[in-house]
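# Summary of the model geometry
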Amino acid sequence: MSWFEHQSVILQALLAGLFTWSCTIVGSAIVFFFKRVSRRLLDVMMGFAAGVMIATSFWSLLAPSIEYAEPAYGKFSWIPAAVGSLLGGYFLRFIDAVVPHLHLDKEKADAEGGGTKERKRLSKTALLFFANNYTTAAYIGALGLAIGIGLQNIPEGAALSIPIRTDGKSRKQAFFWGAMSAVVEPIAAVIGAFAVIAMTPILPYALSFAAGAMIFVVVEELIPESQTNGNTDLATLGLMAGFVIMMILDVALG
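Residues numbered from 1 in each chain as written. Predicted model: local features only at pLDDT ≥ 70, side-chain atom pairs only at ≥ 80, totals over all residues. Heavy atoms only, no water.

A word on helix 6 (residues 171–180). Listed as buried for helix 6 are A174, G178 and A179. Looking straight down helix 6, one finds that the buried residues subtend no more than 120 degrees of arc, so they occupy a single side. Within helix 6, the exposed residues directed more than 90 degrees away from the buried face are K172 and W177. (Buried < 20%, exposed > 50% of the residue type's maximum accessible area, 1.4 Å probe, protein only. Helix = DSSP H or I, 4+ residues; strand = E, 2+ residues; numbered from the N terminus. Arc of directions from axis to C-beta.)

The structure is reproduced here in structure tokens:
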């Protein structure tokens, strides 16, 4: 049992949000050292993050959702997991449709959605922290979520700051706007933690909702972006490594 695990849900969420934001800052800082970042490295990192999030969605979210629902639902304990995961996936699809975003391998003209990118970050981060609770399994789940989001944020930070620098802005300006793109994440994490406390009676649905949201992010964003630049094998091996490492952590510590 670590010091982190013994802290309140609110503090855990705040620290995890600060961690994911710091990963965006690290990614944005690449602009001080390179004019461009290795696409191979980004693909491996996205693959690894996808593996972590897939493992977390099952071992720390769907499986506990079914377990928690069993006393009330009996042989139908799969219902909250099925309903919640579908709602989580469809909710992220709605966010994806209304919030503008640009995939790493696309040009500005290929941007998708409408609205503000900050809303997407807020929704995704708050959503994923629905998995937080007072159990060891949920602690591992929150850890996996933070690692997965953090690894995803590093290439996102680089993908934001480097084009800004290329467009003629100074390195400091490019770094500032890249880093500030994720400033909402610690705030959103705390909001998500308060939601967890309020949603404890429907915890099985909240857990599976987060799982569905994560699976959508993995399939819609991380895997496709990591597989379209000639680094298919490396990205796939990264995914497998992330999945196995997170599975070992979850089973060994849970």
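A few words now on the environment of S77. When you line up the elements, S77 lands in the loop between helix 2 (39–73) and helix 3 (78–98). Classification of S77 as buried rests on a relative accessible area of 9%. In sequence terms S77 and E67 are ten residues apart; their C-alpha atoms lie 7.4 Å from each other. Those residues within four positions of S77 in sequence are excluded, and the remaining contacts are I66, A69 and E70. (Contact = heavy atoms within 4.5 Å.)

Taking 1.5 Å per residue, 35 residues should reach 51 Å; helix 2 reaches 47 Å between its end C-alpha atoms and fits that length. Backbone geometry just after helix 2 places G74 at a positive phi near 60 degrees. (Expected span 1.5 Å × (residues − 1).)

Scanning the entire structure with this criterion turns up five aromatic pairs. Here the aromatic rings of F32 and F175 are separated by 5.3 Å at their centres, their planes lie at 50 degrees, and the arrangement is tilted. Here F32, found in the loop between helix 1 (9–29) and helix 2, pairs with F175, found in helix 6; they are 143 residues apart in sequence, far enough to count as distant. Judged by its relative accessible area of 35%, F32 is partly exposed. Ring geometry for F58 against W59: centres 5.1 Å apart, planes inclined by 80 degrees, an arrangement best described as edge-to-face. (Phe/Tyr/Trp six-rings, centres within 6.5 Å; stacked < 30°, edge-to-face > 60°.)

Nothing here speaks to function; it is all geometry.
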